[in-house]
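# A structural walkthrough
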Amino acid sequence: MLTKRSILILYVFILFTVSASGCTALLPAPTEQRIGPVDAGLGEDNLELIAHIEGAGLSIAVQGDYAYWGLSHELVVLDIHDPAAPVRVASLPTPANDIVFDGAYAYLVGRGGLRIVDIQQPRAPKQISFLASERTPSALSVQNGYAYVVAYSNLHTISVADPTRPEWIGAIRLAPRLIGVAAMDEQLFVVSEDGLHVLNIANPAQPVEVQVLPNTLLSYGPRVVEGTLYYGGEGVLYAIDIPPAGPLPSPHEIQTSDWGNDIAVVNDVVFLANGFAGLRVWDIREQQSPRLLETYPTKGFALALDYQDGVLFLADCDEGLHLYDARNPAELRLLSLVPATGATFALTAEGDRAYLAAGFNTQVHLLDPAAPDRLVPLTIAGEHVEANDMAASGNYLYVLSDESILVWDVAQPPIAQHQAAYPLHQLGHIRVINEYLYVCDRTGNIWVLSYTPPDKVREVAHYASLGYVNKMAVAGSMAYLFDPDVGMRILRVEPNGELTQLGVYATPETINGIAATADYAYLAMGKAGILIVDVTNPAAPSLAGRYSAPGEAQDVAVQANNLLVAAGTAGLVVLDLQNPAQPLPAAHYATLDCAHKVISVGDYIYVMDRFGGLFVLRYIDPR
């Protein structure tokens, strides 16, 4: 089972190499993505967006009084005329792995392809064109009416002489994974996992590779600053003074002992976004003996940098956008932090309250039912937790860390009071049923724990390799549980919390999620859609029907007479269950990334969109 750290690293790799289907596979050639209700015979007006809480911060580019922040699958425009008090002034629902400016336009690449945005009025940006690509582009450079875009192993040339009508000119394959690109005059520099590639672009339609400086440790660049080319990777920064003609000389090797994602270079000072290690600042005036000036930890994954007029902008994937006074590089001063929610990892509800755990630094938030567009971060004195999952009961929140189950009293948010800890190691998921906690580790062992009273957790039963409680549904006294070896187990929940198996329904594929009513279990089966199982006879369950939902069915929940489907890249699908064995499409809402978890809280529908944030929706029944 993937940890949160490995999920984030995997996502950053996927983000800058391939398109995502479900959360990791490949898509066919995309069309322009539409965010919101989709008119596909599914009731376009039947889903109301109550709130969207943004996802992970990925890129940053600054021009004049405005910063353009690529926040997961949304471009946010910030007024930064006062860097100590940046103000959000606009946003567009568009991916932005990389952002560059050319005249009155911003060029963005990300999932789907190239987008060109008119920023003549920064407070009212307007997308004017879109050019689709099969692979997710990771970076681009624009010069003299051409955009050079790297996408996985290919370098694409695009004519943008008319920004409203970009055209593919050609593509060449350079290396297995391309990282970045920069143009200068008639030269194009491309960094890949294999090294630095130099191409002649005297004829932009036919770039010709003229030189390769091999290197297998590269992870960032290239940046051209005042005639010097910078790029680097694990433990080393390379600098080359670009000659007016002829091949590049061998680079100067500047040992930094860092692994980086992005750099900004100002007057022989290098600012390095160093992933989980945060921000590092190096003085490279003496290239043979560079000097580390300072390290600035962040709580997430430092990913992208830009610099303007003494202010350094650092995009941290989870924590948000940092603005530093960088006039004294040896002593940066944090001016402001614009927070980001980060990747969403866990979602649970109790009564009319919902709780969200997001970001690598695992901030747990209360979703305020009176203001669903507002997160209330829970604070607990002296405790930092990497929450793997959580469950709520009454005024208590049960949080899984790698080492134990933590009991928090959340009766008076935003303060959470630590009540107790129960030691169990490497737990993956938790559910609460009646007065019992059900927890599993990453190999499918399940423990049943009593939490009455809440601060006195004790073990009731243990089941070896029974299944996974995150894919567990309960209806009355019946529980439905996924086991990768047998499919769906049908269990009776005994009054003392123990589980008695009554039957098994075998499935050929992995079950992503289960929802249940008194007579039916609804299984989310990825690309296979929804399986509907008649469980009126638990000892002999039978297939009652199927529904081929768009996208990939990742999770399911029941709300009144409707089935809610988190359908991966297709967003949220709502099915009418008037005839439970033959559900009918009722509504569809396109989210931003991968809808992987859905719960129902009163009239609200909460959809976790892995790196696209959290959507709060309400279904309006047309009947």
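Rules of the game
- Residues numbered from 1 in each chain as written.
- Predicted model: local features only at pLDDT ≥ 70, side-chain atom pairs only at ≥ 80, totals over all residues.
- Heavy atoms only, no water.
- Helix = DSSP H or I, 4+ residues; strand = E, 2+ residues; numbered from the N terminus.
- Contact = heavy atoms within 4.5 Å.
- Areas by Shrake-Rupley, 256 points an atom, 1.4 Å probe, with all protein chains shown as cover.
- Lys, Arg positive; Asp, Glu negative; His and termini not counted.
- Charge placed at Lys NZ, Arg CZ, Asp CG, Glu CD.
- Core = buried A, V, L, I, M, F, W, Y, C linked by side-chain atoms within 4.5 Å.
- Buried < 20%, exposed > 50% of the residue type's maximum accessible area, 1.4 Å probe, protein only.
- Pairing = 2+ DSSP bridges.
- Axes fitted to C-alpha atoms, helices over the stretch in contact; angles between N-to-C directions.
- Polar contact = N/O pair within 3.5 Å; in protein donor to acceptor, adjacent residues only side chain to side chain.
- Salt bridge = Lys/Arg side-chain N within 4 Å of Asp/Glu carboxyl O.
- pLDDT = per-residue confidence, 0-100.
- Phe/Tyr/Trp six-rings, centres within 6.5 Å; stacked < 30°, edge-to-face > 60°.

## Things to note about the overall build of the protein chain
Within the protein chain one finds 1 helix and 57 strands. Its C-alpha atoms give the protein chain principal-axis dimensions of roughly 80 × 50 × 40 Å. Sequence-distant contacts, at least 24 apart, represent 44% of the contacts inside the protein chain between residues at least 6 apart. For the protein chain, the accessible surface area stands at approximately 23,900 Å², while carbon and sulfur atoms represent 48% of it. Positive and negative side-chain charges of the protein chain, numbering 34 and 66 respectively, have mean locations separated by a distance of 3 Å.

## Let's talk about the nonpolar core
Tyr438, Tyr480, Met488, Ile514 and Leu523 are the most contacted members of the largest nonpolar core, which has 34 residues in total. Not counting residues within four places of it along the chain, the set of residues in contact with tyrosine 480 comprises Lys471, Met472, Ala473, Met488, Arg489, Ile490, Ile514, Ala516, Ala521 and Val535. Core analysis: the next-biggest nonpolar cluster, separate from the first, contains 18 residues, Ala549, Ala567, Ala570 and Ala581 among them.

## Some remarks on the pairing of strand E25 (residues 279-283)
In terms of burial, E25 is a largely internal element, 5 of the 5 residues being buried. On E25, burial covers both faces: Leu279, Val281 and Asp283 on one face and Arg280 and Trp282 on the other are all buried. Between strand E24 (residues 269-273) and E25, which follow one another and run antiparallel, lie 5 residues, and glycine 275 among them has a positive phi close to 60°. When E25 meets strand E26 (residues 291-296), the two strands line up antiparallel, connected through 5 bridges.

## A few points about the sheet that holds strand E17 (residues 195-200)
Taken in spatial order, the 4 strands of this open sheet run E15-E16-E17-E18, and their pairing is antiparallel. In this open sheet, the two strands that pair with only one neighbour each are strand E15 (178-184) and strand E18 (208-214). This sheet shows a mean twist of 20° between the axes of neighbouring strands, independent of strand direction. Here 6 bridges tie E15 to strand E16 (residues 187-192), and the two strands are oriented antiparallel to one another. Of the residues in E16, the one forming a bridge with alanine 182 is phenylalanine 189.

## Some details on the pairing of E24
For E24, the tally of buried residues reaches 5 of 5 residues, placing the bulk of the element in the interior. What you see with E24 is no split at all: Val269, Phe271 and Ala273 on one side and Val270 and Leu272 on the other are buried throughout. As paired elements, strand E23 (residues 262-266) and E24 share 5 bridges and run antiparallel to each other. The residue of E24 that forms the bridge with isoleucine 263 is leucine 272. Where E23 folds back on E24, the antiparallel hairpin that results is connected by 2 residues, among which asparagine 267 adopts a positive phi of roughly 50°. In this structure, E24 lies alongside E25, joined through 5 bridges in antiparallel fashion. Directly across from phenylalanine 271, in E25, lies its bridge partner valine 281.

## Regarding the environment of histidine 596
Secondary-structure assignment places histidine 596 in strand E55 (residues 595-601). Once the C-alpha coordinates of histidine 596 and glycine 513 are considered, the two residues, 83 residues apart in sequence, prove to be 9.5 Å apart.

## Examining the sheet that holds strand E35 (residues 389-393)
Two pairing modes exist for strands in a sheet, parallel and antiparallel, and in both the strands are linked by backbone hydrogen bonds. As summarised here, the arrangement of the 4 strands in space is E35-E36-E37-E38, forming an open sheet in which the pairing is antiparallel. Each having just a single partner strand, E35 and strand E38 (417-423) make up the two edges of the open sheet. Taken pair by pair, the neighbouring strands of this sheet meet at an average axis angle of 20°, ignoring direction. Alignment of E35 against strand E36 (residues 396-400), held across 5 bridges, turns out to be antiparallel. Bridged to alanine 391 within E36 is tyrosine 398.

## Comments concerning the side chain of glutamate 552
Mapping glutamate 552 onto the fold places it in the loop between strand E50 (542-547) and strand E51 (555-559). A distance of 3.2 Å separates polar atoms of two side chains, one belonging to glutamate 552 and the other to threonine 569.

## Details of the environment of valine 533
On the secondary structure map, valine 533 appears in strand E49 (residues 530-534). It is 50 Å that separates the C-alpha atoms of valine 533 and histidine 322, two residues lying 211 residues apart in sequence. Leave out the neighbours within four places in its chain, and valine 533 touches Met488, Tyr505, Asp519, Tyr520, Ala521, Leu523, Pro541, Ser542 and Ala544.

## Examining the pattern of salt bridges
Going through the model one piece at a time under the given rule, you end up with 11 salt bridges. For aspartate 483, the salt bridge is made with arginine 489, and the minimal N-O distance between the two is 2.8 Å. For the pair formed by aspartate 483 and arginine 489, the shared burial category is buried.

## Re the environment of aspartate 283
Positionally, aspartate 283 belongs in strand E25. Judged by relative accessible area, which is 8%, aspartate 283 ranks as buried. Separated by 114 residues in sequence, aspartate 283 and isoleucine 169 have C-alpha atoms that sit 41 Å apart. Those residues in contact with aspartate 283 that lie beyond four places of it in its chain are Asp268, Pro290, Arg291 and Leu293.

## Let's talk about the confidence of the model for the protein chain
Scored by pLDDT, the protein chain comes out at a mean of 88, with 92% of its residues at no less than 70. Under a pLDDT of 50 for its full length, residues 4-11 has, in the predicted model, 25 contacts with residues more than four places off or in other chains. Across residues 24-35, where pLDDT falls below 50, the model places 35 contacts with residues more than four positions away in sequence or in other chains.

## Topic: the packing of aromatic side chains
Taken as a whole and assessed by the stated rule, the structure comprises 10 aromatic pairs. Ring geometry for tyrosine 68 versus phenylalanine 101: centroids 5.3 Å apart, planes at 65°, classification edge-to-face. Here the residue tyrosine 68 occupies a position in strand E4 (residues 66-71), and phenylalanine 101 occupies one in strand E7 (residues 98-102), the gap between them amounting to 33 residues. By relative accessible area, tyrosine 68 is classed as buried at 2%. Overall, the relative accessible area of 22% leaves phenylalanine 101 in the partly exposed class.

## What about unusual backbone geometry?
Residue proline 222 is reached from glycine 221 by a cis peptide bond, and omega for that bond is 5°. The residue proline 222 is located in strand E19 (residues 218-225) in this model. In this model, aspartate 268 sits at a positive phi of 65°, which is unusual for a non-glycine residue. Looking at the secondary structure, you find aspartate 268 in the loop between E23 and E24. Judged by its relative accessible area of 36%, aspartate 268 is partly exposed.

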